[in-house]
Amino acid sequence: MKITNSHPTYLCTFKHIVHSRRFKKLVSILKISTVVLTFYVLVFQHIAKSNPTTPVARLIAFKRARSLDNGISISWLEQTWNKDVLTQNGLKTADFMLLKQLGFKSIRLPVAFEYYENENIPDEQIFSHIDNIVKQCRLYGIKLIIDYQYGDFNENNFLTATKRVINLWLKLTKRYKHVSGDDLFFEIYNEPPHMDPQVWKDAAYNIVTAIRKIDNQRTIILGASNYNSIYELSRFVRLADENIIYTFHFYEPFLFTHQGADWVGDQEATIGVPFPYNAEKFPIINPKAKNTDGEKNYKEYPIDGNEQSVSDKLHIVKSWGDKYDVPLLCGEYGVYNKYADLDSRCRYIKAVRQTLKALNIPGILWEYNSNFSIFNGQPSIQNLPDCMKAAIGYNK
């Protein structure tokens, strides 16, 4: 090597030239390999995104969710106002035979556990009733959801309330661990109230985790805060647990479904609201409802009171379920039957039911034999109006 004008000049031998050619060839091969590898990564990434592998536990949850379709709630054990509730057999053999005949595949059983605990009623007195329902459901091939109803959970007491809920579910989980997960479901809390959604999510995580320490096969049903709102669920971030069905309640438009319901307050004081909206039959707003949310709902009813609006709102929660690829359940839908006319009730129930089916979302009616009942009188085929038979898909 010699130096000229401070720029080095290298003497290349034949050996160096050969190595240089090999090097260039190697570089070319590496470039081609990189292009090919990049191509395959992009292709398989697309395939993976288009055809994701769904965990087995989630597939089981999807299958079990489908088995709950055409369900109905039995409000017997949540009727805290009924002083004879625990001395009565709320579901007799005739009821199971009727439910089976009408094509109902699942029963949702809300139980006012905290109320009974506060009244110092022994667990065994409550659990024995549930035992009988579990037995009868298995006999008639009907799925059962045990639902924790009327809890006192809120943003201020969530730490102690969560422990209370967990203690109850630990008892139930141990008691029914032998019952197949295909037949029995746990809905951990009915309609958590309006609160910081993260507070409820943390509580739900702790409840689910406690159940999983005893039973990791049970499918759990979980809803969002703000009373199982579709809007709150659409903002919810799913839990990591794969064996969960996400539930929501659907009573929209509320002006129609809860007209005259005194427990809601003055906002629903307007009665005689038809479904769908009919300008000629639409009543004048009740003065009690003015300056409440009911007045806003009244003004929006010409837009909200129709099948298209029902479909649009149910698509909100359907989009959320598709986003996370998780199973959904409409855990409640129905109409307070004291003031709504029969034909409107039938049209509404049919509209919700058909929309849910079109979206592949199982649905559970509220309810069997109380103030949202589908019957005119005591449950029987004779007391089921023809329009209601059509609404629930009973064609025999």
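The preceding data block contains the structure.
Residues numbered from 1 in each chain as written. Predicted model: local features only at pLDDT ≥ 70, side-chain atom pairs only at ≥ 80, totals over all residues. Heavy atoms only, no water.

*Asks:* I would appreciate a short explanation of the sheet that holds strand β8 (residues 244–250) in the present structure.
*Replies:* Two strands in a sheet stick together by hydrogen bonds in their backbones, pointing the same way (parallel) or opposite ways (antiparallel). With respect to topology, 8 strands assemble into a closed barrel ordered β3-β4-β5-β6-β7-β8-β9-β10, the strand pairing being parallel. Adjacent strand axes in the sheet meet at a mean angle of 25°, parallel and antiparallel pairs treated alike. Where helix α2 (residues 56–66) meets the sheet, it contacts β6 (184–187), β8 and β9 (328–333), and its direction lies at approximately 40° from that of β8. (Pairing = 2+ DSSP bridges. Helix = DSSP H or I, 4+ residues; strand = E, 2+ residues; numbered from the N terminus. Axes fitted to C-alpha atoms, helices over the stretch in contact; angles between N-to-C directions. Contact = heavy atoms within 4.5 Å.)

*Asks:* Looking at this structure, how should I read the pattern of salt bridges?
*Replies:* If the charged atoms of two oppositely charged side chains come close together, the side chains can form a pair. All chains considered together, the criterion is met by 23 salt bridges. The shortest N-O distance in the salt bridge between Glu124 and Arg175 comes to 2.8 Å. With Glu124 in helix α5 (residues 123–140) and Arg175 in helix α6 (residues 158–175), this pair connects stretches of sequence that are 51 residues apart. For Arg175, a relative accessible area of 25% gives the class partly exposed. The salt bridge partner of Asp131 is Arg175, with a shortest N-O separation of 2.7 Å. Of this pair, Asp131 sits in helix α5 while Arg175 sits in helix α6, and the two are 44 residues apart along the sequence. Its relative accessible area of 27% is what places Asp131 among the partly exposed residues. Each of Arg58, Arg238, Glu242 and Asp325 takes part in salt bridges that share partners, so that together they form one network. (Salt bridge = Lys/Arg side-chain N within 4 Å of Asp/Glu carboxyl O. Buried < 20%, exposed > 50% of the residue type's maximum accessible area, 1.4 Å probe, protein only.)

*Asks:* Sorry if this is basic, but what is going on with unusual backbone geometry here?
*Replies:* Most peptide bonds are trans, and most residues other than glycine sit at a negative phi. At the junction of Glu252 and Pro253, the peptide bond is cis and its omega measures out at 0° in the coordinates. Structurally, Pro253 is set in the loop between β8 and α10 (254–257). Residue Glu367 is reached from Trp366 by a cis peptide bond, and omega for that bond is 0°. Located in the positive-phi region is Asn70, a residue other than glycine, with phi close to 60°. Within the secondary structure layout, Asn70 lies in the loop between α2 and β3 (71–73).

*Asks:* Honestly, the side chain of Gln79 in this entry has me stumped. Any pointers?
*Replies:* Position of Gln79 relative to the elements: it lies in the loop between β3 and α3 (93–101). With relative accessibility at 11%, the residue Gln79 sits in the buried group. Among the polar contacts made by the side chain of Gln79, one reaches the side chain of Ser75 at a distance of 3.1 Å. Apart from the residues within four sequence positions on either side, Gln79 is in contact with Val85 and Ser370. (Polar contact = N/O pair within 3.5 Å; in protein donor to acceptor, adjacent residues only side chain to side chain.)

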